[in-house]
Amino acid sequence: MSKSKTFYVTTPIYYVNDVPHIGHAYTTLACDVIARYKRARGYDVAFLTGTDEHGQKVEMAAKANGETPLELADRVVKRFQALWTKLNVSHTDFIRTTQERHKHTVQEQFKAIEAKGDIYLGEYEDWYCTPCETFWTETQLLDGNCPDCGRKTTKLKEESYFFRMSKYQDQLLKHIEDHPDFIQPKSRRNEILSFVKEGLRDLSISRTSFSWGIPAPGNEKHVIYVWFDALTNYISALGYPEDKDGKFATYWPAVHVIGKDILRFHAVYWPTFLMAAGLPLPEKVFAHGWWTVEGQKMSKSLRNVVEPNKLIDTYGVDAIRYFLLREVPFGLDGDFSHNALVHRINSDLANDIGNLVSRSTAMLNKYFAGRLPAPQAADSTDQALIDQFSVTIEKIDTHLNNMAFNKALISIWELISAGNKYIDETAPWALAKDEKQRDRLATVMYNLLESIRIIALLVAPFMPETGEKILQILGCDPTDLTLDGQDQWGGLVAGTTIEKASPLFPRIDTK
Ligand code: MSP
């Protein structure tokens, strides 16, 4: 497989002190859609997710539960893995930071940067926010509290290893300026640019005040800072530095998909660690927005945390996958509301795509006993439909390469509407009444079902079950979701038997 046809996408690794909620599902689903799409376009895809299991926050949560940090992690990791299975997430690897393969890479990375002279031992005195696992200077605090989450900070003074981040300020700035797409969206890129321009301080990368972490090589008193540890997962999963299986050489650099709250770690800390280690920087860091719930911040204390399992049980996995990526432009904040979800299911899924499939297959059964006829010469209405497909497929490709999931879905829905409009314009029920129009009716039916075939392939990265179900109905191979080649008009084979489809998405009663 040539390097140009490989693609590496990562989710953040999730803290195990919290159980999975809709925010976590969102990041992971976005990665899954892009991974599935790239596969359909012929890429060899590595898709990594996992869990962040070290640090004071996890240690404290375990203590509060009366268990060891590893017991907590072992328990919670199963919740994440079960949810990804239920959501049809197609990751190719799952990393836990407590795994030996990861600890090894982190220590090697630490040693390599230290050998270069970019890690030194010093003394640290600053304000620490444990929930955010972040140090702040006195001037950064807001009324003595963490400027990010508003919670109490504590003053810490300890011996610490420092990473010479300041040394990489200019190099990082140049990289961001030379690569306009490195940090997306643009507004986030600007935030990082001003942050870097204000000046980078050296970064404390070890702690002596607790022990739940990876020991600093050669000085067991210190555990490595949880973010130095966590960020390294993106290369430890590839077997760096030994690279016995050649995965690092094949897949690195990655596209990192993250939430806006952890952008600085990914767009400043991580690239400078990589520079110090002499490694290529990530291809892209995309920071998406945050979900509120019915207009409020999601939080345990408000008891409004949206639990994805229940939603999937109620509405079905594809409806949830669709809603999350359709409702809000990727990169902006959005609000989760049950009304909006039900509205999307009824209008976009039950009505638009559901009706197109059931009407078309019903007519084929009524007029041709379910046997797909061969199309005859295309008239201008047919040609307009066919042309719209090729133009729109290109647009969808651009949108997905820009992670504009909602725009890609809007474009797919334009094709669905075009199909429904084609039915109204060609009025097959009228053609059916006239024996002389039999060829015309055959062409119309073929075009309709062929539209549906391509639509099924296009929706499959977003809604894999639905895509497969439709392909099955059409007598196509539901295990072959390749788009390259199969997105060309004319793939359906005349003579195929197609049954009348039952509704894809039952309407939800809103009363
Ligand atoms: N462990 C770190 C990441 C380390 S990556 C090297 C972490 N974990 S987290 O579990 O707290 O968050 C993981 C992701 O979930 C983040 O991208 C975060 O933005 C996302 N979300 C958490 N709550 C969210 C919402 N309410 N809405 C959208 N995404 C949210 O940070």
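Rules of the game
Residues numbered from 1 in each chain as written. Predicted model: local features only at pLDDT ≥ 70, side-chain atom pairs only at ≥ 80, totals over all residues. Heavy atoms only, no water. Helix = DSSP H or I, 4+ residues; strand = E, 2+ residues; numbered from the N terminus. Buried < 20%, exposed > 50% of the residue type's maximum accessible area, 1.4 Å probe, protein only. Contact = heavy atoms within 4.5 Å. Areas by Shrake-Rupley, 256 points an atom, 1.4 Å probe, with all protein chains shown as cover. Lys, Arg positive; Asp, Glu negative; His and termini not counted. Charge placed at Lys NZ, Arg CZ, Asp CG, Glu CD. Pairing = 2+ DSSP bridges. Near = heavy atom within 4 Å. Polar contact = N/O pair within 3.5 Å; in protein donor to acceptor, adjacent residues only side chain to side chain. Nonpolar A, V, L, I, M, F, W, Y, C, P; charged D, E, K, R; others polar. Axes fitted to C-alpha atoms, helices over the stretch in contact; angles between N-to-C directions. Core = buried A, V, L, I, M, F, W, Y, C linked by side-chain atoms within 4.5 Å. Parallel < 35°, antiparallel > 145°, perpendicular 65-115°, else oblique. Left-handed = near helix turned anticlockwise from the far one by under 90°. Salt bridge = Lys/Arg side-chain N within 4 Å of Asp/Glu carboxyl O. Arc of directions from axis to C-beta.

Examining the overall build of the protein
Looking only at helices and strands, the protein features 18 helices and 16 strands. Taking the principal axes of the C-alpha coordinates as reference, the protein spans close to 90 × 50 × 40 Å. Out of the 511 residues in the protein, the part that is buried amounts to 57%. Considering only intrachain contacts with a sequence separation of at least 6, the fraction spanning at least 24 residues in the protein is 77%. Total accessible area on the protein is roughly 21400 Å²; 50% of this is exposed by carbon and sulfur atoms. Side-chain charges in the protein split into 58 positive and 66 negative, and the spacing between the mean points of these groups amounts to 2 Å.

Details of the pairing of strand β12 (residues 255–259)
Burial analysis of β12 places five of its five residues in the buried class, which makes it a mostly covered element. Residues Val255, Val257 and Gly259 point to one face of β12 and His256 and Ile258 to the other, with burial holding for every one of them. Strand direction decides the pairing type here: β12 and strand β13 (residues 284–288), joined by five bridges, are parallel. When the bridges of β13 are listed, valine 257 appears paired with phenylalanine 286.

Considering the site of the ligand
Lining the immediate surroundings of the ligand are 23 residues, of which Ile13, Asp52, Gly259, Asp261 and Trp291 lie closest. Take isoleucine 13: an N or O atom from its main chain is 2.8 Å from a nitrogen atom of the ligand. One nitrogen or oxygen atom from the main chain of glycine 259 is found 2.8 Å from an oxygen atom belonging to the ligand. Protein chains shield 94% of the accessible area of the ligand, which is 670 Å² for the free molecule. Secondary structure elements with two or more residues in the shell around the ligand: β1 (6–15), α1 (22–40), α7 (226–231), α8 (233–236) and β12. At four residues, the largest contribution of residues to the shell around the ligand is made by β1. Its residues placed into classes, the shell around the ligand shows 13 nonpolar, eight polar and two charged.

Topic: the environment of arginine 507
The residue arginine 507 is located in the segment after α18 (464–473) in this model. C-alpha separation for the pair arginine 507 and asparagine 351, spaced 156 residues apart in sequence, amounts to 8.2 Å. Not counting residues up to four positions away in its chain, the partners in contact with arginine 507 are Asn346, Ala350 and Asn351. A distance of 3.4 Å separates a polar atom in the side chain of arginine 507 from a polar atom in the side chain of asparagine 351.

Points about the sheet that holds strand β8 (residues 203–204)
The four strands lie next to each other as β5-β4-β6-β8, forming an open sheet whose pairing is antiparallel. Two strands bound the open sheet, and with one partner strand each, they are β5 (134–136) and β8. Examined bridge by bridge, strand β4 (residues 119–129) and β5 share three bridges and lie antiparallel to one another. Along β5, the bridge assignment pairs cysteine 129 with threonine 134. Along the sheet, helix α10 (residues 263–276) makes contact with β5, β6 (154–163) and β8, crossing β6 at roughly 35°.

Considering the nonpolar core
Within the largest apolar cluster, 109 residues are counted, with the highest numbers of intra-cluster contacts made by Phe405, Trp413 and Phe462. Top contributing element to this core by residue count: helix α17 (residues 438–459), with 14 residues. Membership of the second largest hydrophobic core comes to 65 residues, among which are Ala46, Val106, Ile119 and Val268.

Observations regarding the packing of helix α15 (residues 405–426) against α17
Look at α15 against α17: their axes get within 10 Å of each other, and the N-to-C directions meet at 165°. Looking at the two axes, α15 sits roughly antiparallel to α17. When the axes of α15 and α17 are compared, the crossing they make is left-handed. Contacts from Ile412, Trp413, Leu415, Ile416, Gly419, Tyr422, Ile423 and Thr426 in α15 reach Arg440, Thr443, Val444, Asn447, Leu448, Ile455, Leu458 and Val459 in α17.

Re the environment of glutamine 383
Structurally, the position occupied by glutamine 383 is in helix α14 (residues 380–401). With relative accessibility at 35%, the residue glutamine 383 sits in the partly exposed group. Considering only alpha carbons, one finds glutamine 383 and alanine 25, 358 residues apart in sequence, at a separation of 41 Å.

Notes on the side chain of glutamine 184
On the secondary structure map, glutamine 184 appears in strand β7 (residues 183–184). Note on glutamine 184: relative accessible area 11%, which makes it buried. For glutamine 184, the side chain forms a polar contact with the side chain of aspartate 181, separated by 3.4 Å. Glutamine 184 has contacts with Lys284, Val285, Phe286, Ala287 and Asn402, leaving out every residue within four places of it along the chain.

Let's talk about the pattern of salt bridges
Scanning all chains against the criterion turns up 28 salt bridges. Here lysine 221 ties to glutamate 159 by a salt bridge, and the two come within 3.3 Å at their closest N and O atoms. Of this pair, lysine 221 sits in strand β11 (residues 219–224) while glutamate 159 is found in strand β6, placing the two residues 62 residues apart along the sequence. Taking the relative accessible area as the measure of exposure, lysine 221 reaches 53% and is therefore exposed. The exposure class assigned to glutamate 159 is partly exposed, which follows from its relative accessible area of 28%.

Focus on the side chain of lysine 57
Inspection of the secondary structure assignment puts lysine 57 in helix α2 (residues 56–65). As a buried residue without a salt bridge, lysine 57 has its nearest oppositely charged side chain in glutamate 133, at a separation of 5.8 Å. With residues near it in sequence (within four places) discarded, lysine 57 still touches Tyr15, Asn17, Thr130, Pro131 and Glu133.

A look at helix α11 (residues 308–315)
Side chains of residues three or four places apart in an α-helix project in the same direction, reflecting 3.6 residues per turn. Residues Pro308, Leu311, Ile312 and Tyr315 constitute the buried set of α11. The arc that holds the buried residues of α11, viewed along the axis, is 100°, so those residues lie on one side. The exposed set on the far side of α11, more than 90 degrees from its buried face, consists of Lys310, Asp313 and Thr314. Elements that come into contact with the buried residues of α11 comprise α1, α3 (69–86), α12 (317–327), β16 (334–336) and α13 (338–368). Downstream of α11 by one or two residues, glycine 316 has phi in the positive range, about 95°.

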